[in-house]
Amino acid sequence: MSETMETRQFEAEVSQILKLMVHSMYSHQEVFLRELISNASDAIDKLRFEALSDGGIYEGQSDLHIEIEVDKEGRTITVRDTGIGMSRDEVADNIGTIARSGTRRFLEQMTGDQKEDSRLIGQFGVGFYSAFIVADKVELITRRAGEEEAVRWESAGEGEYSLGSADKEERGTEIVLHLRDDADEFLDLSRLEQIVRRYSDHISFPIFLIGEEQEEEQADQEGEEEARVPARRQVNEASALWTRSRNEIDDEEYKGFYKHVAHAFDEPLTWIHSKVEGLLKFTLLFYVPTEPPLELRLADQEVAGGVKLYVKRVYILDEAEMFLPRYLRFIRGVVDADDLPLNVSREMLQDNRVVRSIRKTATKRALEMLEELSEDGEKYATFWSAFGSILKEGVVEDRGRQQEVAGLLRFASTAGDGAAETTSLDDYLERQKEGQEAIYYVSADSYEAGLASPHLEIFEARDVEVLVLTDPIDEWVVSHLREYKDVPLRSVDRGALDLDELGSDDDGGDAEDGEEAEKTEEEDPRWAPLLESVKEALGDSVREVRMSNRLTDSPSCLVRQEWEMSERMRRLLKQSGQEVPAAKPTLELNPDHHLIRHLENLEGEELAEWATLFLEQARLSEGAVLEAPALFVRRLNRLMGQLVDGGGNGRTE
Ligand code: ADP
Ligand code: MG
C-alpha cells in the first residue's frame, strides 16, 4: 500500500447534490442504510449471476451475506458485503460521477428551487451518496471478484475524492461511515436493527448486525453498567420476499420490496403476488408504480420494461421484457421461474415455450390487477393519468385481449364535468339512450375544443353523450377498436348522421329542437340549386355539399366518410413528418342559419366568397390551419363590411 492516493474532483453536479442531500434529509436520515443495503444486495445478485457461467469467481467462498458493524468508540458504521465488488475503473465510473441512474434522473428533474429539490431528493433518493447524510467522511474499500487489486475510495463529500490501492482479502465491498456529530443515534444496535427490519427485511441474503452490546445480566451481577460483549446477530428474514406466502407478508414489506426491486422511491399503487403451480411452476410479484419513472415520462420507445427475472431464486436479468406485452411496460416486479435453466440467456428467452406460457398467465394476472384497481376510483384516476396512454396501446397490439383492455380505458366525456372526470366504456353504455346505435366520440386537441365542436350541437340537442378524445394516440386506438361489446364506435364527424330514432330529448327540449327533428327527415328539394352553386364555387376542395341535420347553431361543418382520416389525425401525422393525401370532406350547411338562408339571394362571385368563408370556418373549428389565413381575414372583413354597410350588391331582402 505504498502508492499514494490520487485526488480527483467530483463533477459539479455531484457536489451540488451532496450539499442538498445533507441539508434536506434531516427527517429521514435513516434512509442511508436502506440505500447501502440495497446496493450490497444488488452486488451479491450480480456475483451469483456471474458465477452461473464461471464458478471460479466464488474463490472458494460462497457464503453470501451483508454485515453492518458498529464501532462506538471510533464512531463508525461499516457496511460490508461479499458481492461482486468493483474494479478501479468501476469505482471511478459508478461512484463520483453522475452516470448512474438514480442521480441522473434526479438531476434531470431538479428545478433549482431549494425547497422543491429537497422534496424531489426524497422521491428519488440518490443511492450511494446518501451515505453523506450521516457521515462527514466515507471510505469505500472494494475488490472485484476474480481480480487481485483492491481499491480504496475516500471522500468528505466536499467537492473531491481520492482513489488508490488497498489491501483486501475478501472479495466484495466495505463502506465505512465516519458519523457526523448529530448522527449518534445510529451507533445504537437496536436502532439499526429497527431500520433494517423496517426497510430491508425482504432482502434475500442474511444481514448481520455486529457490535458490542450491553449485557444486562452481567451488568446486574457486577453492578457495572458499562459491561459490553461483542455480538453478531442476524436481523432479517433472508428469504426472498416473493417466495414467502402472501398472508405472511404485510403491506409495509410489500412496499419496501417495491422500492428495492424497482429502484423506486414512490409508493406502489397496487400489487399482485401470485404463485402458479400447474404444468409450469413460477411466481410473479407485480407492482403498479404511483409515479411514472422518468424513462416512461419521456415516452422513450426504448424502455423495455421493469420486470426482473429470477430462476429458482437466482437473479438472472433486469428488464425481462419478454414476460409482459409492451403496453404493460410500466409494471415493475419479479418473475421467478422454476422451469428455465439457470444459464439461460436473453437470446434464449426470446423464443421460448416456457416464456410464452408464463407471459400468457402474467399478462392475464396483470390485467386482473388493473381491473381490481379500477374499483377504487381515486387510485385508478392516478393510475390512468400516469400510465393510461401506455395501456391504450394494448387495444392495437393485443387483438386477443382487445376487449379486456378496452374495458380498462377511460375517456373524458360530455357527461362529465371537465377533462378530469373520465368514464369507462361500460359506464357509457349504461347511460346510452334507448335506440342509440353507437358509442360516439369527438376528437380534439383539448376538452374545451372538443365541446365547442359544431358536430356536437345535435348531440347536445338530443342529449346523447359523446366521448371527448384528446390524447394524440386516441384516434389510432379507436380506429382499431371498431366496437365495444358489439356496439360500434363512431366519430361524430363521420358519414350521414341519423339520430332521429332517438327523438328529441323528452325532458323538456325546446321548440327549436322539435322543429329540427321533423325538418331533417328528408332533404328539402328547395335547397338543390343552392347546394349545387356552392359546390360549383368550392370545386374540388369538397366532396359534396349538403344540408345538415347535425347543426343547430353553427352555419357549417365538415363531415368525412367512415374510412377517412380526421383533420386532427392528418395534422398529427404531418407534424411527425409523414405525408398525408389531400382531404376531400363533405361540407354541411345549416339550413336554419340565417346566414345560410341569406345565400339563396346571392350568386356569382359573391356567393363564392360566402361559400368559401363557410368552408374556412368549418375547417378552423376543426383546429385546421388555413393555408392562407390572411386571405380568410380579408374575406371576412370584406363580407362583414358589406353587412354593416347595410345592403351592398345582391342583397334583396
Ligand atoms: P444505483 O444503485 O441506483 O445504481 P447507487 O448510487 O446506489 O445507484 O450506486 C451506484 C453504483 O455503484 C451501483 O450501480 C453499482 O454499480 C455501484 N455500487 C454501489 N455500491 C456497491 C457495492 N456494495 N458493490 C458493488 N457495486 C456497488
Ligand atoms: Mg443503489
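Residues numbered from 1 in each chain as written. Chains lettered and ligands numbered in written order. Predicted model: local features only at pLDDT ≥ 70, side-chain atom pairs only at ≥ 80, totals over all residues. Heavy atoms only, no water.

A word on the side chain of arginine 570
This is how it is decided: Elements are defined by DSSP. Helices are runs of H or I of four residues or more, strands are runs of E of two residues or more, and each kind is numbered from the N terminus. Think of it in three bands: with a 1.4 Å probe and only protein chains considered, a residue is buried below 20% of the maximum accessible area for its type, exposed above 50%, and partly exposed in between. A residue counts as positive if it is Lys or Arg and as negative if it is Asp or Glu; His and the chain ends are not included. Basic side-chain nitrogens of Lys or Arg form a salt bridge, by our definition, when they fall within 4 Å of a carboxyl oxygen of Asp or Glu. Contacts between residues were defined by any pair of non-hydrogen atoms, one from each residue, lying within 4.5 Å.
Here arginine 570 lies in helix α21 (residues 567-575). Although buried, arginine 570 forms no salt bridge, and the nearest oppositely charged side chain, glutamate 567, lies 4.0 Å from it. When sequence neighbours within four positions are dropped, the list of residues in contact with arginine 570 reads Met565, Val580, Pro581, Ala582 and Ala583.

Focus on the packing of aromatic side chains
The line we're drawing: Only Phe, Tyr and Trp rings are paired, with Trp represented by its six-membered ring, and only when their centres lie within 6.5 Å; those with planes under 30 degrees apart are stacked, over 60 edge-to-face, the remainder tilted.
Applying the stated criterion across every chain yields a total of 21 aromatic pairs. With centroids separated by 5.1 Å and ring planes inclined at 40°, the aromatic side chains of phenylalanine 10 and tyrosine 161 adopt a geometry described as tilted. Of this pair, phenylalanine 10 sits in the loop between β1 (6-9) and α1 (12-24) while tyrosine 161 sits in strand β6 (residues 160-166), and the two are 151 residues apart along the sequence. An identical accessibility class is assigned to phenylalanine 10 and tyrosine 161; each is buried. Between phenylalanine 49 and tyrosine 315, the ring centres sit 6.3 Å apart and the planes meet at 70°, which makes this aromatic pair edge-to-face. With phenylalanine 49 in helix α2 (residues 31-53) and tyrosine 315 in strand β13 (residues 314-317), this pair connects stretches of sequence that are 266 residues apart. Given the relative accessible area of 33%, phenylalanine 49 is considered partly exposed. Residue tyrosine 315 is classed as buried on the basis of its relative accessible area, which comes to 11%. What links up through ring pairs into an aromatic cluster is the set Phe10, Phe128, Tyr129, Trp153 and Tyr161.

Focus on the pairing of strand β11 (residues 281-289)
Where a strand is regular, its side chains alternate between the two sheet faces. Rules: DSSP-based pairing: two strands are paired if at least 2 bridges between them are found.
In terms of residue burial, β11 counts as a mostly covered element, since eight of its nine residues are buried. Alignment of strand β10 (residues 268-277) against β11, held across nine bridges, turns out to be antiparallel. Considered in β11, the bridge of tryptophan 271 is made with tyrosine 287. Adjacent in sequence and paired antiparallel, β10 and β11 are bridged by three residues.

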